[in-house]
Amino acid sequence: MAFAQGGRGYDRAITVFSPDGKLFQVQYAQEAVKRGYTALGAKTKSGVILAAERRTTSELVEDGSVEKIFKIDRHIGAAASGLIADARVLIDRARVEAQVNRLRYDELISVESLAKAIGDIKQMYTQHGGVRPFGTRFLIGGVGERGPHLFETDPSGVVAAYKAHAIGGGAEEATEVLEKDYREDMNTEELVNLALKALNKVIDGDLEAKKVEMAKAEAEKQEFIKLSPEEISEAIENWKPESSEE
Amino acid sequence: MAFAQGGRGYDRAITVFSPDGKLFQVQYAQEAVKRGYTALGAKTKSGVILAAERRTTSELVEDGSVEKIFKIDRHIGAAASGLIADARVLIDRARVEAQVNRLRYDELISVESLAKAIGDIKQMYTQHGGVRPFGTRFLIGGVGERGPHLFETDPSGVVAAYKAHAIGGGAEEATEVLEKDYREDMNTEELVNLALKALNKVIDGDLEAKKVEMAKAEAEKQEFIKLSPEEISEAIENWKPESSEE
Amino acid sequence: MAFAQGGRGYDRAITVFSPDGKLFQVQYAQEAVKRGYTALGAKTKSGVILAAERRTTSELVEDGSVEKIFKIDRHIGAAASGLIADARVLIDRARVEAQVNRLRYDELISVESLAKAIGDIKQMYTQHGGVRPFGTRFLIGGVGERGPHLFETDPSGVVAAYKAHAIGGGAEEATEVLEKDYREDMNTEELVNLALKALNKVIDGDLEAKKVEMAKAEAEKQEFIKLSPEEISEAIENWKPESSEE
Amino acid sequence: MAFAQGGRGYDRAITVFSPDGKLFQVQYAQEAVKRGYTALGAKTKSGVILAAERRTTSELVEDGSVEKIFKIDRHIGAAASGLIADARVLIDRARVEAQVNRLRYDELISVESLAKAIGDIKQMYTQHGGVRPFGTRFLIGGVGERGPHLFETDPSGVVAAYKAHAIGGGAEEATEVLEKDYREDMNTEELVNLALKALNKVIDGDLEAKKVEMAKAEAEKQEFIKLSPEEISEAIENWKPESSEE
Amino acid sequence: MAFAQGGRGYDRAITVFSPDGKLFQVQYAQEAVKRGYTALGAKTKSGVILAAERRTTSELVEDGSVEKIFKIDRHIGAAASGLIADARVLIDRARVEAQVNRLRYDELISVESLAKAIGDIKQMYTQHGGVRPFGTRFLIGGVGERGPHLFETDPSGVVAAYKAHAIGGGAEEATEVLEKDYREDMNTEELVNLALKALNKVIDGDLEAKKVEMAKAEAEKQEFIKLSPEEISEAIENWKPESSEE
Amino acid sequence: MAFAQGGRGYDRAITVFSPDGKLFQVQYAQEAVKRGYTALGAKTKSGVILAAERRTTSELVEDGSVEKIFKIDRHIGAAASGLIADARVLIDRARVEAQVNRLRYDELISVESLAKAIGDIKQMYTQHGGVRPFGTRFLIGGVGERGPHLFETDPSGVVAAYKAHAIGGGAEEATEVLEKDYREDMNTEELVNLALKALNKVIDGDLEAKKVEMAKAEAEKQEFIKLSPEEISEAIENWKPESSEE
Amino acid sequence: MAFAQGGRGYDRAITVFSPDGKLFQVQYAQEAVKRGYTALGAKTKSGVILAAERRTTSELVEDGSVEKIFKIDRHIGAAASGLIADARVLIDRARVEAQVNRLRYDELISVESLAKAIGDIKQMYTQHGGVRPFGTRFLIGGVGERGPHLFETDPSGVVAAYKAHAIGGGAEEATEVLEKDYREDMNTEELVNLALKALNKVIDGDLEAKKVEMAKAEAEKQEFIKLSPEEISEAIENWKPESSEE
């Protein structure tokens, strides 16, 4: 098969360039993300919201097990898609980075600094031998001195700022909703509804609290808070009427 | 053969991504677990129970030799499936981790912290060169301040919390029993019976004490205790009537 | 296919020579740059200007996200083309280099010294094992004691000084404009117009502020300043009449 | 040939997993043990006995040369099968381990602790790059505070406790004897006879002192003692009448 | 093709010997030099002269950008051919070497010592793993206590002294001129003319100052001086009458 | 060819196991020994004798050049067969080992300790990456507190004690003589004669002093002494009558 | 072709054994020596002489450039054949070795010690990973307390003492002369004539001073002296009459 043949030489060893200037191992790591569950985020001046699809293969899995949204510091968190164990390891490094910033400068790390720190770690794993790239993509959301921010980092280490963005297996469908419905004047509640609507396109069956993970950081409070299952249930209830209007 | 061909390029060297974003060496390590004996666990508010299949190929093997369930700290233990030597090495690290926690914070390590520490070690062995992943899966059970917990770690480093879960060669059959019979209001004795019933599906021939390894940690006592052969015998005796009711 | 065959032996391992004395990995890294967006620069005695194409694939990307032009020190900056994450990492090293120079010699680093420092790092990544070359090309512009300077560094580590130069995917078309219209007596405003005209050849559709990143350093002020979207808009407005004259 | 083909990819490099979750290098190391001479051990409450087949290819080899049974500490020793040089190196490490235990805790190392220490070293050589697994299997016998013990370690690092066990080329035939004749109430003398009977199945020609290496540790004396050729001769003499009874 | 086949095995890995005792990677590095621009040098008792071809692909390249002749210390310099970035890195090391000599012995480094130091670095890169050879050849010229000297170092690390020598793409044609016209009694001016005549054979179109880089070190002054474009222009003017005589 | 095919996969990389549990690189190193000249040794209570075949390819080689028998300490020496340079390096290590023993314990190293030290070094070179096994076999002879000893170490690190033994290309023929004629009551002179007779089977043409290297250590004197050519001549003279008796 | 096929597997990686116990990389390094120019040496009680063929490809090469005979210490020197840069690096190490000996023992290093030190370095490069063997052979000559000595070291690290010996491309022809004409009672002058006669067999065209490098160390003076071109010319003149006698 032509593709398998072409790729054969370049992916065995450490991350190297292919003749057309691509890094195969990085592209394969991107595939690992595409196999992951969907996560998305959105931000306005009012706040930033992160949401992630949760699939429980069994009734016996604990609620809240295998989280996809992580709190990093008081004002900042991240949603991950791709290899879960890779994500957890990077989140730990991000937490250290945030604490170091507190100790060193006696202030909270900015969302951008944190996103770049994670991007730098990821880049290093695409250039040096004896390691593979991280198979995970992050949406990093938080509130800093200049208000709410939403950043994405991909396996190659690219860092970009978004108003709203989706990653993972259902990124395409979720993005369609975000592009159509996002408005810069949305308040936090509306952002939550936007997130639910986008997730609803991706999730199998009815939207239920147990299929959703969610967090928000409001501009005023500067605090990153994971929503409880009850709060998510309530949000879904609140959203449904709106939803049914369509 | 198509599969052998496709996999050929990606598994020779250090753990790298295949074009579709998989880590072959990690998947092969998962196979090593599937070849292992069955282990399972279950928890409710009353406590947590771990059980493992024991196959003695010879009468000359000492009872209790080659244990699959390990005590890690006073309140916590683990059942392993897969490569036994890999498991023993990781258990040693877990014990150190638990002791360090006692020294550093003057308190017992939480079940979740310990599970994540093991997951982090496993993840590292899937990303760095010159090593192979651990060919073992753990069920980690214990009682902390917030009650009993049951976690699983797999060779990729994923950590998940379960109410009841089975790993190893007979995971599928054992899980069927767990899914059908598990109730959140079971007391410790009922958990033991549940475990025996699930193991009974997997074990060749009659269920006997010498074919079973078992441990429990009751919510009240906060102590992880391995059951003696006598206690297991007694439990089997107690369970059988119940069993025969079906 | 002949090419694929020929290259097969030399690109798998660490950067080595091919029989005709080429370094394949370096050439493949050059391809990565050709796949990047266009950036350009120009300098006269009056100052130095850097400009880069910005393509926003979605309305939801934040303005100013994923910058291609970076400030390095008060008097110096760089435009990058190629792998963005590689560029960010090198820019960080350049900033450290500039600060070290301030501390050590109590003076600003010269544009040439900085360009050579970056070139040296890049060269090292083409000669030593266990790493791949950087997939990025820089235009480094700034004002030193001997006036404005513009340097380019490529993935092999070559450093060259230019009056005006373009890199990235549209380098060829942009260079045509630069070669035809550049004059050594241009003032900063004329340089801005020259840059806009060259970018206009490369950018899809109408030239708009959101498609352009720009920075300038005037000889007198010795300060590297990124233009705000408003300033770029204004520059485009100012340029258009001139442009329409043609 | 199918097998050779299948194995080709996985055994060249460092110890890695094959698609079905096996570690080829470890399995090949197990083959090295099967090519080795037979060794066996047995223990009851009275004591523990180790015995090994000795084949002298030439009259010119010194008696007692190339020993297969090694004293490790006052109360503990081991019989090895497989690569002799690998065994000697591990025995040296075991001796250090035993001495360190004396210094650190002012008491003799337990047989189990020592067996696990050796197992841990062996496991490490199956997981890290740049080394091959040890091609040797040990029977470790000794007397501790809780009486006599017999452990086995294999090239993968698995540690198991046995009442009686045989390793090496003739393991199968020797085990048949052990399984048939072993009784938990045997005294040391009877254990010696059991060992001789098992070895007799394996050894070419008549059982003679020069074809046998032997050691014992009696529960009372807590001392591991290698039998002299004279003692072995005498033991063979004593055993023969019993033997002829059959 | 036979050659490509034959070479296939030996050039992938680290620099190793081929069956006929050649070091392929070193030979390929020599090819890199042959692809470089021409450089040449000549010396008599009066002084030493270095000259190099300069090709400006664009009017927009700064004069004096990408230099091929480097000053190393007050009395010594070098002309390079081959990979420019490799050359720059080695020149930096040579400058350090020269300064260390001043500090350690309080005297200028001899031309021979410096040439051997560079040769030693180059040799090391042909014998140790994880690096590739330097793809550059140097002509090192300077004036020491025993008068002017001219040395060459090649990618294998060979160091040789010459009266006159040419390297790079046009080495053959340039050498013809040197061999025919060089005389040991030439003064510095005549050496300049010799260099111009040799370069003229290699350079496309008319000989112009912008196509030539040049440096000289006169025996009396013991100072290595790069000629300014004006001085080169003047030299070309002076040479042309002489040239037209032929 | 079947063998070449089978071996192809296992000998390229570091010393690894073949599917049947062999270490190919070690076996190939054994071949290097078989290509070497013959060496032999013999010991009784009276003393120990070492002898080696010397082949002078040219009259111009110095007598005593390229020695095969080395003095290690006052009471101990070794004869080597295989790669001469490997042997010399190991002998140097053995000398250091012997001196360290003197310093540390204020007594001469025992022959057995020294043989095991060399065996340990050899073993390490068969298990760790980045090195090849030693291509040499030693006969180590000396006199300690418990009288004369003769040990052999092979490339795998195996150490064995012998009464008499031969290594190298003519080992088989020489061993035939040793097995037939060796008696445990031989005095040193008879041992010399035995060695000469064995070497005579191996050496081309007549036995002459220049074809023989020899050393002895008598039990009484505890001193390892290399015989001079004159002493060897004399020994040959003395032996010949005896020889002719046969 | 069978040989090329067979050798293919063994020469790519680090120096390893082939199935018949050869070290391919070492043998290929020997080929590098055979491609080198001829060097030879001879010694008697009167002194030791070294001579080497010098081929000047161009009139423009400096006399005495690229030397093949190196002074190492006051009383000792070496002639090299093979890769010149490898030789220079080893000679530097030899000089350090000689100086260290002076400092440590306050006496001149013996010729044998120096030869063995070089042999040890060479051996190390044949056994450890990440390096290739040295592609050079040395004749080391000098005068010590026990008179003149001549040693050879080859790429494998073998060290041998000779009365007279030739290495490099013309070793065979030169050796023929040495074997035929060498006498142990030659004085230094006769040794010079012998060397010239042997070189004459190897050198193209007439024997001239510029084609010969030569050095001698007389027993009385204990000083290693390189002959000047004038002295070599004179020696050739003196030799020719004798030569014509034949």
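Above this note sits the structure.
Residues numbered from 1 in each chain as written. Chains lettered and ligands numbered in written order. Predicted model: local features only at pLDDT ≥ 70, side-chain atom pairs only at ≥ 80, totals over all residues. Heavy atoms only, no water.

Participant: Can you explain the overall build of chain A? Please cite residues and give values.
Facilitator: The secondary structure content of chain A amounts to 7 helices and 10 strands. Dimensions of chain A, computed from the C-alpha atoms along their principal axes, are close to 55 × 50 × 40 Å. Looking at chain A as a whole, 59% of its 246 residues qualify as buried. Partitioning the contacts of chain A with sequence separation of at least 6, the portion at a separation of at least 24 is 63%. Of the roughly 10300 Å² of accessible surface on chain A, a fraction of 47% belongs to carbon and sulfur atoms. Positive and negative side-chain charges of chain A, numbering 33 and 42 respectively, have mean locations separated by a distance of 5 Å. (Helix = DSSP H or I, 4+ residues; strand = E, 2+ residues; numbered from the N terminus. Buried < 20%, exposed > 50% of the residue type's maximum accessible area, 1.4 Å probe, protein only. Contact = heavy atoms within 4.5 Å. Areas by Shrake-Rupley, 256 points an atom, 1.4 Å probe, with all protein chains shown as cover. Lys, Arg positive; Asp, Glu negative; His and termini not counted. Charge placed at Lys NZ, Arg CZ, Asp CG, Glu CD.)

Participant: Would you mind going over the relation of the copies chain A and chain C in detail, with residue names and values included?
Facilitator: For the match of chain A to chain C, the screw axis carries a shift of 0.2 Å, the RMSD comes to 0.0 Å, and the turn is 52°. Taken as a fraction of all interface residues of chain A, those also at the interface in chain C reach only 6%, which identifies the copy contact as different-surface. (Least-squares fit on C-alpha atoms with pLDDT ≥ 70 in both.)

Participant: Mind laying out the arrangement of the chains, listing which residues take part and the relevant values?
Facilitator: Between chain D and chain E there is no contact; the minimum C-alpha to C-alpha separation amounts to 16 Å. With respect to C-alpha atoms, chain E approaches chain F no nearer than 11 Å, and the pair has no contact.

Participant: Any chance you could break down the pairing of strand E8 (residues 164-167) of chain C for me, citing the residues and the numbers?
Facilitator: All names here are of chain C. Side chains Ala164 and Ala166 of E8 all project onto a buried face; the interleaved residues His165 and Ile167 project onto the opposite face, where all are buried too. Bridge analysis of strand E1 (residues 39-43) against E8 gives 4 bridges, and the strand direction is antiparallel. Counted as the bridge partner of alanine 39 is isoleucine 167 from E8. (Pairing = 2+ DSSP bridges.)

Participant: Lay out the packing of helix H3 (residues 84-105) of chain C against helix H4 (residues 111-127) of chain C in plain terms, naming residues and giving numbers.
Facilitator: Residues and elements named next belong to chain C. Here H3 crosses H4 at 135°, and the two axes come no closer than 10 Å. When the axis of H3 is compared with that of H4, the two are oblique. Regarding H3 and H4, the two cross each other, and that crossing is right-handed. Here H3 contributes Leu90, Arg93, Ala94, Glu97 and Ala98 to the contact with H4, which in turn contributes Leu114, Ala117, Ile118, Ile121, Lys122 and Tyr125. Counted by class, the contact of H3 with H4 contains 8 nonpolar, no polar and 3 charged residues. (Axes fitted to C-alpha atoms, helices over the stretch in contact; angles between N-to-C directions. Parallel < 35°, antiparallel > 145°, perpendicular 65-115°, else oblique. Left-handed = near helix turned anticlockwise from the far one by under 90°. Nonpolar A, V, L, I, M, F, W, Y, C, P; charged D, E, K, R; others polar.)

Participant: Quick one: what's the story with the interface of chain B and chain A, residue by residue and with numbers?
Facilitator: Listed by partner, the interface residues are 34 residues for chain B and 32 residues for chain A. Roughly 2800 Å² of surface becomes buried between chain B and chain A when both sides are summed, with 54% attributable to carbon and sulfur atoms. If you look at where chain B meets chain A, you find 4 salt bridges. We note a salt bridge from glutamate 62 of chain A to lysine 43 of chain B, for which the minimum N-O separation is 2.7 Å. Connecting chain B to chain A are 13 residue pairs in polar contact (both at pLDDT 80 or more). Elements with a contribution of two residues or more to the side of chain B that touches chain A: helix H4 (111-127), strand E7 (159-161) and helix H5 (171-181) of chain B. Taken together, the residues of the side of chain B that touches chain A break down into 14 nonpolar, 12 polar and 8 charged. (Buried area = accessible area lost by both parts, 1.4 Å probe. Salt bridge = Lys/Arg side-chain N within 4 Å of Asp/Glu carboxyl O. Polar contact = N/O pair within 3.5 Å; in protein donor to acceptor, adjacent residues only side chain to side chain.)

Participant: Please provide a residue-by-residue account of the interface of chain A and chain C, values included.
Facilitator: Accessible area lost upon the coming together of the parts serves often as the stated size of an interface. The interface of chain A with chain C comprises 34 residues on the first partner and 32 residues on the second. Carbon and sulfur atoms make up 54% of the surface buried where chain A meets chain C, a total of about 2800 Å² over both sides. Joining chain A to chain C, the criterion identifies 3 salt bridges. Our count for the contact surface shared by chain A and chain C stands at 13 residue pairs in polar contact (both at pLDDT 80 or more). Elements with a contribution of two residues or more to the side of chain A that touches chain C: helix H4 (111-127), strand E7 (159-161) and helix H5 (171-181) of chain A. The greatest single-element share of the side of chain A that touches chain C, amounting to 6 residues, is contributed by H4 of chain A. Among the residues making up the side of chain A that touches chain C, the classes are represented as 14 nonpolar, 12 polar and 8 charged.

Participant: Quick rundown of the relation of the copies chain B and chain A? Include the residues and the values.
Facilitator: Note on the identical chains: chain B maps onto chain A by a rotation of 51° and an axial translation of 0.0 Å, with an RMSD of 0.0 Å. A share of only 6% of interface residues in chain B that are also interface residues in chain A marks the association as one of differing surfaces.

Participant: Outline empty space enclosed by the protein, listing residues and values.
Facilitator: Residues and elements named next belong to chain B. Here the structure, examined in full by the defined rule, presents 7 cavities of 30 Å³ or more. Estimated volume of the largest cavity: approximately 60 Å³. The wall of the largest cavity is formed by Tyr37, Glu67, Lys68, Phe70, Ala80, Ser81, Gly82, Leu83, Ile84 and Ala87. Those elements that place two or more of their residues in the lining of the largest cavity are strand E4 (76-82) and helix H3 (84-105). The element best represented in the lining of the largest cavity is E4, accounting for 3 residues. When grouped by side-chain class, the residues that make up the lining of the largest cavity number 6 nonpolar, 2 polar and 2 charged. (1 Å grid on protein atoms, 1.4 Å probe; cavity = no way out; pocket = protein on both sides within 12 Å on 5 of 7 lines; lining within 4 Å. Points joined across faces, edges and corners; volume = space filled by probe spheres on them.)

Participant: With reference to specific residues and values, describe the environment of lysine 71 of chain A.
Facilitator: All names here are of chain A. Summarising the element assignment, lysine 71 is placed in strand E3 (residues 69-73). Judged by relative accessible area, lysine 71 falls into the partly exposed class, the value being 34%. Taking C-alpha positions, lysine 71 is 9.7 Å from glycine 141, a pair spaced 70 residues apart along the chain. Excluding residues within four positions of it along the chain, lysine 71 makes contact with Ile76, Gly77, Arg95, Glu223 and Phe224. A polar contact of 2.9 Å, which involves the side chain of lysine 71, links it to the backbone oxygen of phenylalanine 224.

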